[in-house]
Amino acid sequence: MAEKTPLSHYLSPKGAAVMRAELKELAQKERPRIVEIVSWAAGNGDRSENADYQYGKRRLREIDRRMRFLGKRLENAVIVDPAAQTTRDRVFFGATVTYVDEDDVEHTVTILGVDESDLVRGEVSLVSPVARALMRTRVGDVAMLQTPRGPVEIEILKIVYPVAAASSDESHA
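Residues numbered from 1 in each chain as written. Predicted model: local features only at pLDDT ≥ 70, side-chain atom pairs only at ≥ 80, totals over all residues. Heavy atoms only, no water.

1. With respect to the overall build of the protein
Alright, step 1. Looking only at helices and strands, the protein has four helices and seven strands in total.
Alright, step 2. Against the compact-globule benchmark of 16 Å for 173 residues, the protein has a radius of gyration of 22 Å, which places it well outside the compact range.
Alright, step 3. Dimensions of the protein, computed from C-alpha atoms along their principal axes, come out at roughly 70 × 55 × 40 Å.
Alright, step 4. Burial status across the protein gives 33% buried among its 173 residues.
Alright, step 5. Counting only contacts in the protein whose residues sit at least 6 apart along the sequence, the fraction spanning at least 24 positions is 54%.
Alright, step 6. Of the roughly 11,400 Å² of accessible surface on the protein, 52% is carried by carbon and sulfur atoms.
Alright, step 7. Averaging the locations of the 25 positively and 27 negatively charged side chains of the protein gives two centres separated by 7 Å. (Helix = DSSP H or I, 4+ residues; strand = E, 2+ residues; numbered from the N terminus. Rg over C-alpha atoms; globule rule 2.2 N^0.38 Å. Buried < 20%, exposed > 50% of the residue type's maximum accessible area, 1.4 Å probe, protein only. Contact = heavy atoms within 4.5 Å. Areas by Shrake-Rupley, 256 points an atom, 1.4 Å probe, with all protein chains shown as cover. Lys, Arg positive; Asp, Glu negative; His and termini not counted. Charge placed at Lys NZ, Arg CZ, Asp CG, Glu CD.)

Now the structure itself:
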């Protein structure tokens, strides 16, 4: 029996690109810069009272920890392109969904991976209560959103997926 992929491993192509860019920046620019500072500071004598050395070593540990985290996340990532979604009348990973709550307040959210969601930009994690309530619903469906104040009915108004980039053959037609 095949093992099910944890939802926390899902990532959009854009999210994966952002993580790869951060990993590259840390490995090729930030870490070498800090190593240089630590080497310089180590040559200045007593390391126990050398703030540049102490800070540099701490920063190197932070960078190494972040690089390990990013590397592991990218290694285990299941990259899902929302533009390739064929069932566009239902809510799945990558959908941008507009819904209305019991107070007639409209909300629009995009369902993305755990490591790329940002509520300020209207992006919610695939494992969030909102995403769980919306998954597999269609326009017109009423879903139950579990909130700290109790369950709230929400009605799905609109589902949108990114448009797939046209291939070079189609763009000349």
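Back to the text.
2. Some thoughts on the UniProt feature "domain: Transcription elongation factor GreA/GreB C-terminal" (unreviewed entry) in the protein
Alright, step 1. In the numbering used here, UniProt assigns the "domain: Transcription elongation factor GreA/GreB C-terminal" (unreviewed entry) feature to residues 88–160.
Alright, step 2. Taken end to end, residues 88–160 has its terminal C-alpha atoms 7 Å apart, with 8% of it in helix and 44% in strand. (UniProt positions renumbered as here; feature names shortened; annotations may be inferred.)

3. What about the nonpolar core?
Alright, step 1. Judged by nonpolar contacts, the single largest core of 21 residues is most densely connected at V91, I111, L134 and I154.
Alright, step 2. Contributing elements (two or more residues each) for this core: β3 (96–100), β4 (106–112), α3 (129–134), β6 (142–147) and β7 (150–160).
Alright, step 3. The contact partners of I111, leaving out residues within four places of it in the chain, are V91, F92, F93, G94, A95, V124, L126, A131, L134 and M135.
Alright, step 4. L26, A41, A42 and Y53 belong to the second-largest nonpolar core, a separate cluster that totals 14 residues. (Core = buried A, V, L, I, M, F, W, Y, C linked by side-chain atoms within 4.5 Å.)

4. So, helix α1 (residues 13–42)
Alright, step 1. Given a rise of 1.5 Å per residue, 30 residues ought to cover 44 Å, and the 42 Å separating the end C-alpha atoms of α1 matches this to within 8%.
Alright, step 2. Along α1, the sharpest kink reaches roughly 40°, centred on L26.
Alright, step 3. Packed against the buried residues of α1 are β1 (10–11), α2 (51–76) and β2 (78–79). (Expected span 1.5 Å × (residues − 1). Bend = angle between axes of the 7 residues up to and from the residue.)

5. Overview of α2
Alright, step 1. With 26 residues, α2 ought to run about 38 Å at 1.5 Å a step, and its terminal C-alpha atoms sit 37 Å apart, in line with that.
Alright, step 2. Looking only at α2, the buried set comprises Y53, G56, R59, L60, I63, L70 and L74.
Alright, step 3. The N-cap of α2, judged by a side-chain oxygen 3.1 Å from the amide nitrogen of D52 a few residues on, is N50. (Polar contact = N/O pair within 3.5 Å; in protein donor to acceptor, adjacent residues only side chain to side chain.)

6. Brief notes about the sheet that holds β3
Alright, step 1. Strand order across the open sheet formed by five strands is β5-β4-β3-β7-β6, with mixed pairing between neighbours. Every other strand in the sheet has two partners, leaving β5 (123–125) and β6 as the edge strands with one partner each. Direction aside, the axes of adjacent strands within the sheet are offset by 45° on average.
Alright, step 2. As judged from the three bridges shared by β4 and β5, these two strands associate in the parallel manner. By the bridge assignment, I111 is partnered in β5 with V124. (Pairing = 2+ DSSP bridges. Axes fitted to C-alpha atoms, helices over the stretch in contact; angles between N-to-C directions.)

7. Topic: empty space enclosed by the protein
Alright, step 1. For the coordinates displayed, the defined rule picks out one cavity of 30 Å³ or more.
Alright, step 2. The calculated volume of the largest cavity comes to roughly 60 Å³.
Alright, step 3. Counting only elements with at least two residues in the lining of the largest cavity, the list comes to β1 and α2.
Alright, step 4. Its residues assigned to classes, the lining of the largest cavity comprises four nonpolar, three polar and three charged. (1 Å grid on protein atoms, 1.4 Å probe; cavity = no way out; pocket = protein on both sides within 12 Å on 5 of 7 lines; lining within 4 Å. Points joined across faces, edges and corners; volume = space filled by probe spheres on them. Nonpolar A, V, L, I, M, F, W, Y, C, P; charged D, E, K, R; others polar.)

8. Focus on the pattern of salt bridges
Alright, step 1. Overall, the coordinates contain eleven salt bridges when judged by the stated rule.
Alright, step 2. With a shortest N-O distance of 3.4 Å, E30 and R59 are connected by a salt bridge. One end of the pair, E30, is in helix α1; the other, R59, is in helix α2, with 29 residues separating them in the sequence. Grouping residues by exposure puts E30 and R59 together as buried.
Alright, step 3. With a shortest N-O distance of 2.6 Å, D64 and R31 are connected by a salt bridge. A residue pair is termed long-range when its members are at least 10 positions apart, and D64 in helix α2 and R31 in helix α1 qualify at 33 residues.
Alright, step 4. On the basis of relative accessibility, which here comes to 23%, the residue D64 falls in the partly exposed class.
Alright, step 5. Classification of R31 by relative accessible area gives partly exposed; the value is 28%. (Salt bridge = Lys/Arg side-chain N within 4 Å of Asp/Glu carboxyl O.)

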